[in-house]
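What the coordinates show
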Amino acid sequence: MPLHLDTPLIQSRQLSLLADRRIWLKFDALQPSGSFKLRGIGAACEEYKRQGRTRFVSSSGGNAGLAVAYAGRVLDIPVTVVIPESTPVHARKLLEQEGATVIVHGAAWVQANELAQSLLDETTAFLHPFDNPLLWTGHATVIDEVVRAGTEFDAVVLSVGGGGLLSGVVEGLERNGLSHVPVIAIETEGADCLARALAAGENIPLSAITSVATSLGANKVAEHAFKIAQSRDVRSVVVSDLEALDACEQFLHDHRVLVEPACGASLATIYNPQRRTVLDGFQSPLVIVCGGATATIDKIREWRAAAA
Ligand SMILES: *Cc1c(COP(=O)(O)O)cnc(C)c1O
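Residues numbered from 1 in each chain as written. Predicted model: local features only at pLDDT ≥ 70, side-chain atom pairs only at ≥ 80, totals over all residues. Heavy atoms only, no water.

1. What to know about the sheet that holds strand E3 (residues 55–58)
Within a beta sheet, neighbouring strands are joined by backbone hydrogen bonds and run either parallel or antiparallel to one another. Put simply, the rule is: By this definition, two strands are paired if DSSP reports at least two bridges between them. Helix and strand definitions follow DSSP, with helices as H or I runs of at least four residues and strands as E runs of at least two, each counted in order from the N terminus. Only the stretch in contact is used when a helix axis is fitted, and all axes are lines through C-alpha atoms; the angle between N-to-C directions ranges over 0 to 180 degrees. Here, residues are in contact when the closest pair of their heavy atoms is within 4.5 Å.
Sheet architecture is open: four strands sit in the order E5-E4-E3-E6, paired in parallel fashion. Each edge of the open sheet is held by one strand with a lone partner, namely strand E5 (101–104) and strand E6 (124–126). The sheet shows a mean angle of 20 degrees between the axes of neighbouring strands, taken without regard to direction. As defined by bridge partners, E3 adjoins E6 across three bridges and the pair is classed as parallel. Each bridged residue has a counterpart across the sheet, and for Phe 56 the counterpart in E6 is Ala 125. The strands touched by helix H3 (residues 63–75) within the sheet are E3 and strand E4 (79–83), with E3 carrying the most contacts at an inclination of about 170 degrees.

2. Considerations on the packing of aromatic side chains
In plain terms, the rule: Think of it this way: a Phe, Tyr or Trp ring, Trp meaning its six-membered ring, pairs with another when their centres are within 6.5 Å, and the plane angle makes it stacked under 30 degrees, edge-to-face over 60, tilted otherwise. Residue exposure (1.4 Å probe, protein chains only): buried if accessible area is under 20% of the type maximum, exposed if over 50%, otherwise partly exposed.
Considering all chains together, one arrives at one aromatic pair under this definition. Relative to Phe 251, the ring of Phe 27 has its centre 5.8 Å away and its plane inclined at 25 degrees; by these criteria the two rings are stacked. Of the two residues, Phe 27 is situated in the loop between strand E2 (24–26) and helix H2 (37–50) and Phe 251 in helix H11 (residues 241–255); the sequence distance between them amounts to 224 residues. Judged by relative accessible area, Phe 27 falls into the buried class, the value being 5%.

3. Some details on helix H12 (residues 261–271)
Among the eleven residues that make up H12, eleven are buried, leaving the element largely enclosed by the rest of the structure. Taken together, the buried positions of H12 are Pro 261, Ala 262, Cys 263, Gly 264, Ala 265, Ser 266, Leu 267, Ala 268, Thr 269, Ile 270 and Tyr 271.

Fair warning: the whole summary comes from geometry, so function is off the table for now.
Here it is in C-alpha cells:
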C-alpha cells in the first residue's frame, strides 16, 4: 500500500467556463501531508525502510519536510527535521504535530542543511526535496491515476521549484505512452530558475529567491529536470507573485480549498485572462493542484496586500 492517496480528479465547471475548454484538476492538495510531495517522498521512505534504514532526516521546513514527517509516523520510523530560524511558526507546528523531532539551527537553509548532513550515517536516510530518482518515480503515480480513470488530456500544467514534480510527471507520461503531451511549467518571478536556465542554455543558479512562493524556491532545478525541459515540449511560463496570490484567493472561492502561492502560480494560467494564451490549441488541459500546507489565509492576504 503506497502512503499517498489516489486523489479526486474533477472537471472544474468554474475554470472550464473561464478558460472556454475542459479543465481537469488533480487535487493533490488533498494528500494527507497537504501536497503532492507525499507521492515521491512516501515511495522513497518505503524503499529506505525496506533497505533497513532506521531514521529519516530532512532539512525542509516546507512540504517536503511535512511529507517525510508524515511518512515516518505511518512507517514507524523516527524523523528529524532541521530547519532554519526563518521557518514560520505555523510550518514548525505542523512538523511537530506529525511527531517529528524539529531542530532549529542557523539563520538560513544552508546552515540547517549542513547540520542535517552531519547527522547522517549508514542507518539514516536523507530525503532530498526534489533531486532523487525514487521521488520522480513516486510522483509519476499522479499520471498513472489520471490515465487509469480514463481521462483524456492534451497538456499538463504544473508548478516548478526544483523540478521533482516535472521529472515525475514526464516519467508518468512516458510510462503511459503519452510522451507527446506538452507540459506547461509555471514558476513565479524571483523563483524562476528553470525559465532563466532555459534562456541561458545553461543550468545557472539564482543568486536569491525573492518570491513569496517559497515552495518553488530552489536556486536551480535538478540537472535531470533541466535536461527534460531542454529535450521535450516543456513550455516555461513565469507569473508574478500577485497573479499567484490572486489565483489562491479565487480558487478558495471556487473550490473551497486553500493552496499555497506555489500552486496558485499554476492556477494563474486560467484565472488571469492574459495568461490563458498558454492554453491555446489545447482542448482539455490537466492542472496538477499541487497544494501546499504551509500558508494560512491570513498570510496569503497579507502578501497580497503587500504585492498589490
Ligand atoms: C515542492 C512543491 C512544488 C515544486 O515541486 P518541485 O518538485 O520542487 O519542482 C510546487 N508546489 C508545492 C506546493 C510544493 O510543495
